[in-house]
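Listed below, chain by chain, are the residues.
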Amino acid sequence: MILGASAAVSAQTPSYKNVGRSPSKQEISAWDLAIGPSGKELPPGSGTAKTGAGIYASKCVSCHGANLEGTATGPHLVGGQGTMSTLQPVRTIGSYWPFATTIWDYINRAMPHGRGGSLSADEVYALTAFLLFRNGIISETDVMDAKSLPKVQMPNRNGFVPARLEDISNMEKRGCRGGHCP
Amino acid sequence: MASNSSARRRFLKSTFAIAGLAATKQSATGQAPRAAPKDLRTYGERSRFESAGRKGSLGLWPPAAGPIRDYGIRTPLQNSVGMLTPASLHFVLSHGYDPPDIDPHEHRLLIHGMVDRPLIFTLEDLQRLPSVSRLHFLECHGNSATSGPTGALRIAPTATVQETHGLTSCSEWSGVLLSVLLREAGVQKGASWLVAEGSDRIKHTKSIPLNKAMEDVLVAYGQNGEPLRPEQGYPLRLVVPGWQGISNVKWLRRIKVVDEPYMAMMESTRYPSVRPDGKSRWFESEMGPKSVITRPSGGQKLPGPGFYEITGLAWSGGGAIRRVEVSSDGGRTWKDARLQGPVASKAHTRFGLDWNWDGSEVVLQSRCTDEKGVVQPTIAEVAKIWGVKMDYFQMTSTIDIGNFNAIQPWKITRDGGVHNALL
């Protein structure tokens, strides 16, 4: 039943008359924020760590600190490498985040804190490049855009079980039992 | 949410301090909201003699004003009766954010992505569709965990059941089955996941496999016979029965049908459980069978020997609870408890067992079995599955581990005091 579900759904035609309406293209694109690991929704635009540094200094530094070390009002954005198998693991973009697209997605929807959605695509690319650079993942001049960003290899990409995205929803194959995945 | 480094805790604490100052300043200028006189015939209130209340997890309570507050606000299970949690006492976990103030007439739900007919619904549209009401528990994946920022409080001998297990509640949820909406939109071949998004400050986003969405997920507008409370997602939320709390996206405004999990911030960076070898388990999704005695429970006091009903709650993400057993001798022998009906799938189930306390020191505990035959494990069994030694649960660490469902023992001492005896 589970696996056949999607095929069964697509065979259906609408059965409730005049309930809901078709959204316009603009309505969809205004809300269509989510960026997956394949990056296919990434908008046009680009940026480098160099430009990102300037934007960071004006829009992010007050909460995340001059050295990205964090402040009373925002967490640190660097560090943590080598801590994952200790008792005090520190999760950062450099030590933990498996996909670079998540950085783009999160900055775009949520930052600066309380003013999410206020940055342009170029600014988000530049800030993403800046954070990747400061975490030692790309170089200062690497251009981040819809093509290059999904290809960035994150250091902890292989730190997850299961490793393959295709296997994520198959709890039995993963050997999960009684609410526990080994 | 259970994911916190000690650095983050520090910054949260200082945020509160700062925000607290700001709040004081504001009220000094006379901006305090005027309270409208209440007509209890219009909308009732509990007796002035009742005081059971929710409580923050980190002791940052009462909360200061500000963007970020205490993470998990817990249900007082020690005061619970029956299987339903009043909406006013339902646990709250919104990553510390205040609920957005949403006008239901302005609210929209967009369904798009890999569908033949993208659709946009108003709340009124949704209320025209065939409705269902279902009893389901919600539970934070960090509930009852020994690790993370609330670990020390949770294992303390003085912990109450609110502190150990208060991040779960149970309601009657009313709304439309998500499968109905997806059929209206016509899911395309090749689609396998959906991305659900809320309209809170960070637009919380969660990926959910399509097969789960088609099975039993609800788009809910009602809770226990009235509209959702603001902190529960007013006017619209997802209810993903039996799955980690993070899936139940509140203030739901968008569902996009896609062909891969989208690895949003919370699901890919905060919610995976870190193992001792540094690898992380992600998308643990289904909550295992769990039960806990709510009376007598930590911090309560038995006035003296005599008759008591031992009562508590049992639930499982795997389906209905089939059996609850209670031991009053530290786990050597077990007796079947009564299950109070209705016993619903993926819902709290109230159990009870008659008991005479002879005044000696005893350890009470419960264990449940769900309809798949899965039995709630002991802490030693959890340790075995995780490949850790028992002292692992005692270490103060920032490691966050979800879905901890070990049996909870309460020790009753001769003076009638009840104490947390997990470790």
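Our subject is the structure listed above.
Everything numeric in this text was worked out from a predicted model, so none of it was measured.

Calculation criteria
Residues numbered from 1 in each chain as written. Chains lettered and ligands numbered in written order. Predicted model: local features only at pLDDT ≥ 70, side-chain atom pairs only at ≥ 80, totals over all residues. Heavy atoms only, no water. Disulfide = S-S within 2.5 Å. Buried < 20%, exposed > 50% of the residue type's maximum accessible area, 1.4 Å probe, protein only. 1 Å grid on protein atoms, 1.4 Å probe; cavity = no way out; pocket = protein on both sides within 12 Å on 5 of 7 lines; lining within 4 Å. Points joined across faces, edges and corners; volume = space filled by probe spheres on them. Nonpolar A, V, L, I, M, F, W, Y, C, P; charged D, E, K, R; others polar. Core = buried A, V, L, I, M, F, W, Y, C linked by side-chain atoms within 4.5 Å. Helix = DSSP H or I, 4+ residues; strand = E, 2+ residues; numbered from the N terminus. Domains from an automatic or database assignment. Contact = heavy atoms within 4.5 Å. Pairing = 2+ DSSP bridges.

**Points about the state of the cysteines**
All names here are of chain A.
Part 1 of the reasoning: Within the structure shown, the criterion is met by 1 disulfide over all chains.
Part 2 of the reasoning: Between C176 and C181 runs a disulfide, and the two sulfur atoms are separated by 2.1 Å. Between C176 and C181, the disulfide has an S-S torsion of 105° and is therefore right-handed. In terms of burial, C176 and C181 fall into one category: buried.
Part 3 of the reasoning: Free cysteine: C60, not disulfide-bonded; nearest cysteine sulfur from C63 at 8.8 Å.
Part 4 of the reasoning: Classification of C60 as buried rests on a relative accessible area of 14%.

**Some points on empty space enclosed by the protein**
Residue and element names in this part refer to chain B.
Part 1 of the reasoning: If you walk through the whole model with that rule in mind, you get 5 cavities of 30 Å³ or more.
Part 2 of the reasoning: Taken together, 21 residues form the lining of the largest cavity, with L93, G245, I246, N248 and K250 sitting closest to its centre.
Part 3 of the reasoning: Tallied by class, residues from the lining of the largest cavity come to 10 nonpolar, 8 polar and 3 charged.

**Looking at the nonpolar core**
Part 1 of the reasoning: Counting residues in hydrophobic clusters, the biggest one holds 66 residues, and the most contacted among them are L132(A), M154(A), W386(B), F393(B) and F404(B).
Part 2 of the reasoning: Where this core is concerned, the elements lending two or more residues are helix 3 (49-59), helix 5 (100-110) and helix 6 (121-134) of chain A together with strand 8 (193-198), helix 7 (265-270) and helix 8 (379-386) of chain B.
Part 3 of the reasoning: The element contributing the most residues to this core is helix 6 of chain A, with 8 residues.
Part 4 of the reasoning: Counting only domains with at least three residues in this core, you end up with domain 1 (55-280) and domain 2 (290-420) of chain B.
Part 5 of the reasoning: Here F393(B) is in contact with T146(B), I155(B), I379(B), V382(B), A383(B), W386(B), V388(B), F404(B) and L423(B), once residues within four sequence places are set aside.

**A few points about the sheet that holds strand 20 (residues 338-339) of chain B**
All names here are of chain B.
Part 1 of the reasoning: Pairing in this open sheet of 4 strands is antiparallel, and the strands run 16-17-21-20 from one edge to the other. Since the sheet does not close on itself, it has two edges, and those belong to strand 16 (290-295) and strand 20, each with one partner.
Part 2 of the reasoning: Where strand 20 and strand 21 (residues 349-357) come together, 2 bridges link them in antiparallel fashion. Note that in strand 21 the partner of R338 across the bridge is G352.

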